[in-house]
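Examination of the molecular architecture
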Amino acid sequence: MNSDPDDYHTFSAAPPPPVTGIPAGINGVAIGYVVRGPQMSFQDQVREFSKGAAELSVQFAKGCKDIVFQTLGREDAFLARNFGRNSFAGKQFGRGCDRIGKRFKAFNDYLPEDKDPAHAWSVIGFVFVLAFAVLSVNTNYATTSAPAMKKVFIHPPSAERLLLPDARYMAYREQGVSVDRARFTMIAPHSFLSSRLTGIPGVKASLLEEFGVRLLTYDLPGFGESDPHPCRTLQSSASDMLFLANALGVKEKFWVVGYSSGSMHAWAALKYIPEKLAGAAMFAPMVNPYDALITKVERRLIWDKWSGRRKSMLFLARRFPRLLGYVYRRSFLSGRHDKLDVWLSLSLGNRDKALVTDPIYQEFWERDVEESIRQGNAKPFIEEAVLQVSNWGFSLADIKLEKKKQGGGILGWVKVLLNGNVDEYTGFLGPIHVWQGMDDKVVPPGMTDFVHRVLPGVAVHKLPYEGHFTYYYFCDECHRQIFTTLFGTPQGPLNNFTTTELLAADQTPLETGHVEEEGLEANQPSLLQEDTTNETENLDNPAY
């Protein structure tokens, strides 16, 4: 046995004092000491256990990798033969991956330069799946804890419909005076998630009578009771509006009303059928947020007002519109009512929040939504969202009133000789009025500033403290101000009597026999004078 006292790792008969240990021996005879190290703490034990578990996980992963490689990597394997790269299914899957890769290729520029795109996209995909799973769990928890929402009720069909030239049916609604007594005619295409029932929400029949207004509304293709259009464009929308006016006997020029996203159909009418329009009334008009004419400053003023979810919805509508169907089926096509701002991912101001909680508004909103989603098809809503952010086929600058340049050369000189030196104009010649709430977070005031810059002839009415809904919905005094701005002093409806009515009026004195001349003169104005009697207006405004 080694008796060197400097050897710390062997047994010794007389261990050095610094080394502590437990005596060991046989049959009670001590033959040496067993050397022990410092005792491990609980944290050290946990750390060592974690390291061991990690090593086992790595070995397990390597084993799974070997199994997968043996199953898929070998050419004679069942999965490799039927689902491999050279199989039919594998080729189809490869083509699909190639198409998806081409779509995402433009986004590779935003990835870190020192990272492999395949690795980066795999991490992004994993995070997306994880976030979606967390959101699904939170949604299920909120659904179970929140009170039951009201179910959507689909009412029996009740609209009047007319047949279009392409064999589609269009549902429409008439309000106000009849066609033969109308002094002014207004046609109002509705906005997103709305229907013909909207029109001018809460407008009084007495106010329409006082100004002699005939208000026409209709369901866009696929909304309400109107048949869908196989290939919708804004030009086809203007054609539908023109056919509606002609079919319902509108012989004079009419006013077009555009509210929110429904304004793009009004812009289309100003572009494609300007000769039929007397003017346009726009309320918080929506334009294409991706319009090339929008400057960086205007774009920032517009986009900064929107929530992140609304920006995502616009991005999906522009890049991946098919995904909108899934979102819509989980919101307003789910069969249950919910709040407006939740469904449409809107940010509302204080006054708008107060209005949307009013029982009168809620009843109107629920009925309008039920009519809008009557057909239960997501395609019309996807088309409407895509139209909003895609190329309209024209620019707002095309509507601008400008003097037409005279052609040069001999032809221009001959034209001046024949027609005289008459100035010709391009664009829309009639008035365009825009009302914009300055607290509007749905259609930010920056959009109206953009419209005013491109169309300097537009009359802009800025409304301090007003939101997106408060001035247009259920405001009697606001509606009167609008009509006064557009039509001036109320003159009542036209008294255009039919031939039968005039003959009956002429024969009345003959049938009575003895009628005093004073009585005839007294009764005559009741048939010919304009009716300017106004019913008492209810000026209670739930928005205020």
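Anyway, here's the lowdown on the structure attached to this text. (Residues numbered from 1 in each chain as written. Predicted model: local features only at pLDDT ≥ 70, side-chain atom pairs only at ≥ 80, totals over all residues. Heavy atoms only, no water.)

1. Details of the pattern of salt bridges
Side-chain pairs of opposite charge can arise where the charged atoms are in close proximity. This is how it is decided: A pairing counts as a salt bridge when a side-chain nitrogen of Lys or Arg comes within 4 Å of a carboxyl oxygen of Asp or Glu. A run of H or I in DSSP becomes a helix once it reaches four residues, and a run of E becomes a strand once it reaches two; helices and strands are each numbered from the N terminus. For every residue, the accessible area obtained with a 1.4 Å probe (protein chains only) is divided by the maximum for its type, and the residue is called buried under 20%, exposed over 50%, and partly exposed between those limits.
In total, this model carries 19 salt bridges according to the counting rule given. Notably, a salt bridge pairs glutamate 174 with arginine 214, separated by 2.6 Å at the nearest N-O pair. Of this pair, glutamate 174 sits in strand 4 (residues 169–176) while arginine 214 sits in strand 6 (residues 213–218), and the two are 40 residues apart along the sequence. Arginine 214 sits in the buried class, given a relative accessible area of 3%. In this structure, the salt-bridge partner of arginine 196 is aspartate 219, at a minimum N-O distance of 2.7 Å. Of the two residues, arginine 196 is situated in the loop between strand 5 (184–189) and helix 5 (205–211) and aspartate 219 in the loop between strand 6 and helix 6 (234–247); the sequence distance between them amounts to 23 residues. In this structure arginine 196 comes out as buried when scored by relative accessible area, which is 3%. A relative accessible area of 1% means that aspartate 219 is categorised as buried. Linked through salt bridges whose partners overlap, the residues forming this network are Arg196, Asp219, Glu225, Arg367, Glu371 and Arg374.

2. Some points on helix 6
Selection rule: Take the number of residues in a helix, subtract one, and multiply by 1.5 Å to get its expected span.
Taking 1.5 Å per residue as the helical rise, helix 6 with its 14 residues ought to reach 20 Å, and the 20 Å between its terminal C-alpha atoms agrees with that figure. Immediately beyond the C-terminal end of helix 6, within one or two residues, lies glycine 249, with a positive phi of roughly 80 degrees.

3. Things to note about the state of the cysteines
Rule in force here: Two cysteine sulfur atoms make up a disulfide if the distance between them is within 2.5 Å.
Counted according to the given criterion, the structure contains one disulfide. Cysteine 475 shares a disulfide with cysteine 478; S-S distance 2.0 Å. The sign of the S-S torsion, about 60 degrees, decides the handedness of the disulfide formed by cysteine 475 and cysteine 478: right-handed. Judged by relative accessible area, which is 2%, cysteine 475 ranks as buried. Among the residues examined, cysteine 478 registers a relative accessible area of 3% and is labelled buried.

4. A look at the packing of aromatic side chains
Where we set the bar: Note on aromatic contacts: the rings of Phe and Tyr and the six-membered ring of Trp form a pair at centre separations within 6.5 Å, being stacked when their planes are under 30 degrees apart, edge-to-face when over 60 apart, and tilted otherwise. Whether a charge lies above a ring is judged from NZ of Lys or CZ of Arg, which has to be within 6 Å of the ring centre and within 35 degrees of the ring normal.
What the rule picks out here adds up to 26 aromatic pairs. Members of the aromatic cluster, each reached through a chain of ring pairs, are Tyr259, Phe283, Tyr361, Phe364, Trp435, Phe469, Tyr472, Tyr473 and Phe474. Across the ring face of tryptophan 306, the terminal group of arginine 310 is positioned such that the distance to the ring centre comes to 5.1 Å. Taking NZ or CZ as reference, arginine 318 lies 4.3 Å from the ring centre of tyrosine 290, over its face.

5. Here we look at a nonpolar patch on the surface
Worth spelling out the cut-off: Patches here are clusters of residues that have more than 30% relative accessible area and form no salt bridge, with a 9 Å joining cutoff for like charges and a 5 Å cutoff for nonpolar side chains (Val, Leu, Ile, Met, Phe, Trp, Tyr). Note that accessible areas follow from Shrake-Rupley with a 1.4 Å probe, and for residues the cover is restricted to the protein chains shown.
A cluster of nonpolar side chains, namely Val123, Phe126, Val127 and Leu130, defines an oily patch on the protein surface of about 390 Å² accessible area. Exposure remark for valine 123: the relative accessible area of 40% places this residue in the partly exposed category.

6. What about the sheet that holds strand 3 (residues 160–163)?
Quick note on the threshold: Between any two strands, pairing holds if DSSP finds at least two bridges. Each axis is a line fitted through C-alpha atoms, taken for helices only over the stretch in contact, and angles between the N-to-C directions span 0 to 180 degrees. Whether two residues are in contact is decided by their heavy atoms, any of which lying within 4.5 Å being enough.
Here we have eight strands laid out as an open sheet, ordered 3-4-6-5-7-8-11-12, and mixed in their pairing. Bordering the open sheet on either side are strand 3 and strand 12 (459–463), each of which pairs with just one other strand. Shown here is a sheet whose adjacent strand axes are inclined to one another by a mean of 25 degrees, direction ignored. Pairing of strand 7 (residues 254–259) with strand 8 (residues 277–283), which is carried by six bridges, proceeds in the parallel orientation. In the sheet register, tryptophan 255 faces strand 8, and the bridge partner there is glycine 279. Strands strand 5, strand 7, strand 8 and strand 11 (432–437) of the sheet are contacted by helix 7 (residues 263–272), whose axis makes an angle of about 155 degrees with strand 8. Seen against the sheet, helix 17 (residues 476–487) touches strand 5, strand 6, strand 7, strand 8, strand 11 and strand 12 and runs at an angle of roughly 155 degrees to strand 11.

Function cannot be read off these values alone, since they describe shape.
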